[in-house]
Amino acid sequence: MGDQPLKSDKSFDEDCKQYVLVKKDDKVICRTQCLNPPENLPPCWHIHDIVKRAELTIRPDLPHCCLRPAPESSRDKNEWGLFLSYLHNWNKVAIANCTSCQFYIFPPEAAGCTHIRVAYQQGKASNKHSGQKHCESVVDTTEVRKNIDPDENCCNSSTMSPIHNVKELVSGKDVYMKKIPKIEENDDCVKFPESSDALKGCDPTKRHQSCSVKREASLVKNYVRADPSYLQTLGQAHSGWIFGAIAELVDNSRDAKASRLDISIESVYSKRAGKRIPMLSIIDDGCGMAHEEIVKMTCFGHKRPDIDDVNRIGRFGVGFKTGAMRLGKDALVLTQTAKSRSIAFLSQSLNEGKDDLEIPTISYRREGQFMEIDTDVQSEASAKYNLKAVKEFSHFDKYLIGEKAGLFQGNHTATATGTHVYIWNLDEWGKDYCLEWTTGLPGGSSFHKGDILIRSRRVRSRPGQMSQKVPLDYSLRAYLEVIFLVPRMRIYVQGSLVKSRPLAQSLNQTSEVVGNICGRSVHLTLGRCQLEWEQGNCGMFLYWHGRLIEAYKRVGGMVHSGEVGRGVIGVIDVSDLMVMDDGSSRVSVHNNKQGFLDCEPYARLEEWLGKKADEYWDKNYDTVQLKKGGLLYKPDDEWVQCNKCRKWRMLISGFDSNNLPLEWFCYMKPFEGSCETLEQKIQHGVITVSTKRSGYASPDVEDDATITSEGGSDSDANRDDNQTKKNKQGFKRIWKGLPRTSKKGK
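Caption draft 1: Representation of the pattern of salt bridges within the structure. Applying the stated criterion to the full structure yields 23 salt bridges. One salt bridge in this structure joins R455 and D432, with 3.9 Å as the shortest N-O distance. Linking R455 in the loop between β20 (451-454) and α11 (471-474) with D432 in strand β18 (residues 432-433), this pair joins segments that are 23 residues apart in sequence. For R455, a relative accessible area of 26% puts it in the partly exposed group. The exposure class assigned to D432 is partly exposed, which follows from its relative accessible area of 40%.

Spelled out as structure tokens, the structure:
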């Protein structure tokens with residue numbers, strides 16, 4: 001066996017045309033190249049046994065081939081070295097049974113040699129080898145590698161956990177992976193012993209006798225796998241409100257530090273459907289994702305972060321899956337970083353009728369404008385197979401992919417980054433779709449802008465609510481206006497900019513309240529909002545990590561009467577309160593980010609909010625007056641956001657905000673400053689009133705009115721007292737007890 005020299009590397013490269021994936025227990029050791037391969041060479045060799053060379057009798061006339069490593073990553077290269085070191089140190093032969101051949105992989109002739117000789121025997125062979133002095137029973141394991149299996153699977157097989165269907169080896173002598181010396185294993189690597197020093201002086205026969213009983217009684221480990229139907233189950237996390245699914249994708253863009261986000265629904269032609277279908281697109285200019293990150297995003301059950309970062313919203317690792325699968329059946333992700341571009345396809349159509357969930361992923365290496373398949377994370381065969389699956393089960397061909405990839409160059413830079421999410425086969429509503437969309441008037445009209453609406457126009461149920469006019473519940477534009485506590489990212493819906501509304505800075509008769517709940521400080525801003533009074537709404541807006549979790553939460557007297565608290569809005573960030581319970585890993589916010597767990601801090605918070613809301617109502621309700629005449633709903637102070645630095649600037653008193661352009665910058669009137677100027681902060685006692693938004697009908701009001709109060713601006717304080725008394729009109733409060741004594745003239 002040792003008299004046949006190996007060919008040189010040069011001749012090896014010339015003759016070697018076929019790849020072989022060497023596996024043990026379905027764990028990839030390394031991809032190799034085969035010299036002088038037999039006919040119908042199997043692309044994957046599964047090593048089922050490793051025995052001592054002296055215990056085998058192999059016919060000398062068997063044909064031979066040679067293997068050399070062709071690793072796809074540094075991990076494979078390391079595994080191959082450990083594998084050969086193990087064979088050389090123990091003078092063992094690895095045996096691989098395939099459909100038509102049996103292969104005997106001999107140890108390298110010298111330490112450090114990476115080329116090995118292989119003898120093969122045509123025809124299906126038995127596990128009992130001639131001249132072999134022992135008989136063993138081996139049960140194959142089926143553990144899926146975390147990364148892509150390049151030449152056999154050619155796809156991502158996603159599981160609930162990285163390990164999949166692992167069985168124990170039952171018995172046998174000198175069985176690879178189980179025989180002493182102990183060869184440990186982790187999630188996706190086969191660990192070989194570094195040396196044989198640990199076994200010096202040990203008798204293999206005695207070792208076998210001492211371990212055989214334990215092996216026969218070994219337990220079978222049961223791991224979880226993901227069935228394709230689980231995709232539909234994931235979408236039910238947002239079954240109550242579909243905008244919660246869109247919010248998950250918006251959160252991902254914010255976490256990626258995007259400065260611009262475009263959300264739109266367009267009509268595209270689907271060759272598979274044979275007609276034009278709507279497609280939802282969510283495009284941001286964030287940092288993008290590398291191959292490892294997009295695989296982590298599409299897999300299920302990755303580890304939660306140990307640090308509670310208040311600047312990040314994502315925490316549970318399911319947002320993309322639950323959001324995309326609630327909106328439609330198929331989703332394609334196109335992402336780009338400064339050095340890579342990747343495509344991932346999460347599809348119910350592709351996986352229909354399959355036993356295991358397949359998520360095709362293709363990654364490219366990027367150098368400037370040059371792109372090529374990244375063979376460090378996948379093989380060319382894998383990339384081609386996955387790309388073919390995308391083209392077959394979607395309307396994305398190479399031209400459309402190229403067109404969408406061209407959007408990355410929108411800022412005319414060579415290092416443009418970002419992520420695109422495209423979702424189609426949208427959730428249906430009868431013969432139509434659950435979502436409906438409108439395009440705004442041309443020319444950037446401020447009167448009618450494009451929007452995405454929930455077709456049912458259903459208002460979410462809240463205790464004590466009588467009004468059926470809550471645009472936030474069915475208008476995506478209205479929801480995105482207040483989704484962030486401190487709006488920074490520019491968001492466009494159907495091509496038109498969403499005018500963000502910082503709630504805490506758009507209230508009248510504001511009151512700042514600081515409290516202590518469960519040993520943690522909370523800060524509440526209370527006030528009246530003219531717009532919410534018109535629509536008959538009120539309640540608390542609870543933010544967590546700067547993102548809206550609960551809106552119009554009724555507390556205190558608001559729960560029992562539709563008129564109590566009308567127009568009163570509270571804004572509070574509970575990030576410091578709703579974190580981890582007693583240092584454990586349980587987070588107090590739901591994984592769909594639309595509510596909080598029923599825990600002690602939340603119950604105490606509800607009680608405290610109700611008390612403060614009632615106190616504010618009793619103290620300030622009768623002091624708010626209406627004045628006839630003047631501009632309709634003109635606030636005392638208005639704010640505008642710079643389209644570049646995203647800082648908020650307070651307009652000078654009396655300035656008409658209707659004269660501002662749609663895209664306003666700090667150097668423009670009336671601020672006429674620079675983006676470097678620090679952002680102004682609202683002061684205690686300053687009263688601002690949110691202006692009436694376009695697109696919503698006015699309520700039946702007898703006279704045009706502007707809210708003023710005792711805490712108004714200096715110009716308000718100098719108004720003529722006689723005129724104020726003549727025009728003031730008090731609100732009527734609903735009392736359950738004895739009526740309050742009225743003053744004459746009211």
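There is more to say after this.
Caption draft 2: How the structure looks around the packing of aromatic side chains. This structure, assessed with the given rule, holds 13 aromatic pairs. A centroid spacing of 4.8 Å and a plane angle of 65 degrees characterise the contact between F541 and Y552, whose relative ring orientation is edge-to-face. Here F541 is found in strand β25 (residues 539-544), whereas its partner Y552 is found in strand β26 (residues 547-553), with 11 residues between them in sequence. Grouping residues by exposure puts F541 and Y552 together as buried. Here F665 and Y667 contribute two aromatic rings whose centre-to-centre distance is 5.9 Å and whose plane-to-plane angle is 5 degrees, an arrangement assigned as stacked.

Caption draft 3: Seen up close, helix α7 (residues 319-327). Of all the 9 residues making up α7, 9 are buried; the element is thus mostly covered by neighbouring parts of the structure. Among all positions of α7, only G319, F320, K321, T322, G323, A324, M325, R326 and L327 are buried.

Caption draft 4: Structural context of the packing of helix α5 (residues 243-255) against α7. Between α5 and α7, whose axes approach to 8 Å, the crossing angle comes to 140 degrees. Of the possible angle classes, the one that applies to α5 and α7 is oblique. In this structure, α5 crosses over α7, and the sense of that crossing is left-handed. Contact with α5, carried on its side by A245, I246, E248, L249 and N252, involves G319, F320, T322, G323, R326 and L327 of α7 and no other residues of that element.

Caption draft 5: Local environment of the sheet that holds strand β6 (residues 101-105). Spatially, 7 strands are ordered β1-β2-β4-β7-β6-β5-β3 in a closed barrel, and the strand pairing comes out mixed. This sheet shows a mean twist of 40 degrees between the axes of neighbouring strands, independent of strand direction. Sheet topology places β6 next to strand β7 (residues 116-122); 5 bridges connect them, and they run antiparallel. Of the residues in β7, the one forming a bridge with Y104 is A119. Packing against the sheet, helix α2 (residues 74-90) makes contact with β1 (18-24), β2 (27-35), β3 (44-52), β4 (64-69), β5 (92-97), β6 and β7, and its axis sits at approximately 80 degrees to β2.

Caption draft 6: Spatial organisation of helix α10 (residues 398-405). Taken residue by residue, α10 has L400, I401, K404 and A405 as its buried positions. Viewed end-on, α10 has its buried residues packed into an arc of 135 degrees, placing them on one side of the element. α10 presents K398, Y399 and E403 as exposed residues on the side facing more than 90 degrees away from its buried surface. Against the buried residues of α10 lie β9 (260-270), β10 (275-284), β11 (328-336), β12 (340-347), α9 (380-393) and β16 (418-426).

Caption draft 7: Examining unusual backbone geometry more closely. Of note, the bond from K669 into P670 is cis; its omega dihedral lies within 30 degrees of zero at 0 degrees. Inspection of the secondary structure assignment puts P670 in the loop between β30 (648-650) and β31 (705-708). Of note in the backbone geometry, K257 takes a positive phi value of approximately 60 degrees without being a glycine. Relative to the assigned elements, K257 resides in the loop between α5 and β9. With phi around 65 degrees, R646 is a residue other than glycine that occupies positive phi space. Within the fold, R646 resides in the loop between β29 (639-641) and β30.

Caption draft 8: Structural view of the nonpolar core. Among the nonpolar cores identified, the biggest contains 65 residues, and I263, Y479, L480 and F541 are the most heavily contacted of them. Looking at this core, the element that brings in the most residues is α5, giving 6 residues. Apart from residues no more than four positions distant in its own chain, Y479 is found in contact with W241, F243, A247, L472, R547, L548 and Q594.

Caption draft 9: Here's a closer look at the pairing of strand β21 (residues 490-493). By the alternation rule, side chains of β21 split into R490 and Y492 and I491 and V493, which are all buried. Bridging between β21 and strand β22 (residues 496-497) involves 2 bridges; their strand directions are antiparallel. Along β22, the bridge assignment pairs V493 with S496. In sequence, β21 turns back onto β22 through a hairpin of 2 residues, with Q494 there showing a positive phi of about 55 degrees.

Caption draft 10: A look at the environment of R341. Positionally, R341 belongs in strand β12. Sequence separation of R341 and G288 is 53 residues, and the distance between their C-alpha atoms is 8.6 Å. Apart from residues no more than four positions distant in its own chain, R341 is found in contact with L334, T335, Q336, I362, S363, Y364, M371, A405 and F408.

Caption draft 11: Representation of the environment of C675 in the model. One can find C675 in the loop between β30 and β31. Sequence-distant contacts of C675, defined by excluding residues within four places in its chain, comprise C642, K644, C645, K647, R649 and C666.

Caption draft 12: Representation of the environment of L453. Within the element layout of this structure, L453 appears in strand β20. On the accessibility criterion, L453 (12% relative accessible area) is buried. Sequence separation between L453 and L472 is 19 residues, and the spatial gap between their C-alpha atoms is 9.9 Å. For L453, the contacting residues outside a window of four places in its chain are F243, C434, L435, E436, Y474 and S475.

Caption draft 13: Main features of the sheet that holds β11. In spatial order, the strands read β15-β14-β12-β11-β16-β10-β9-β21-β22; together these 9 strands make up an open sheet with mixed pairing. What marks the edges here is a single partner per strand, and that holds for β15 (370-373) and β22. Of the pairings in the sheet, the one linking strand β14 (residues 361-367) to β15 comprises 4 bridges and is antiparallel in character. Its bridge partner being in β15, R365 is matched across the sheet by E372. Against the sheet, α9 makes contact with β11, β12, β14, β15 and β16, and its axis sits at roughly 115 degrees relative to β14, the strand it touches most.

What counts, and where the lines are drawn
Residues numbered from 1 in each chain as written. Predicted model: local features only at pLDDT ≥ 70, side-chain atom pairs only at ≥ 80, totals over all residues. Heavy atoms only, no water. Salt bridge = Lys/Arg side-chain N within 4 Å of Asp/Glu carboxyl O. Helix = DSSP H or I, 4+ residues; strand = E, 2+ residues; numbered from the N terminus. Buried < 20%, exposed > 50% of the residue type's maximum accessible area, 1.4 Å probe, protein only. Phe/Tyr/Trp six-rings, centres within 6.5 Å; stacked < 30°, edge-to-face > 60°. Axes fitted to C-alpha atoms, helices over the stretch in contact; angles between N-to-C directions. Parallel < 35°, antiparallel > 145°, perpendicular 65-115°, else oblique. Left-handed = near helix turned anticlockwise from the far one by under 90°. Contact = heavy atoms within 4.5 Å. Pairing = 2+ DSSP bridges. Arc of directions from axis to C-beta. Core = buried A, V, L, I, M, F, W, Y, C linked by side-chain atoms within 4.5 Å.

This is a description of form; function is not addressed.
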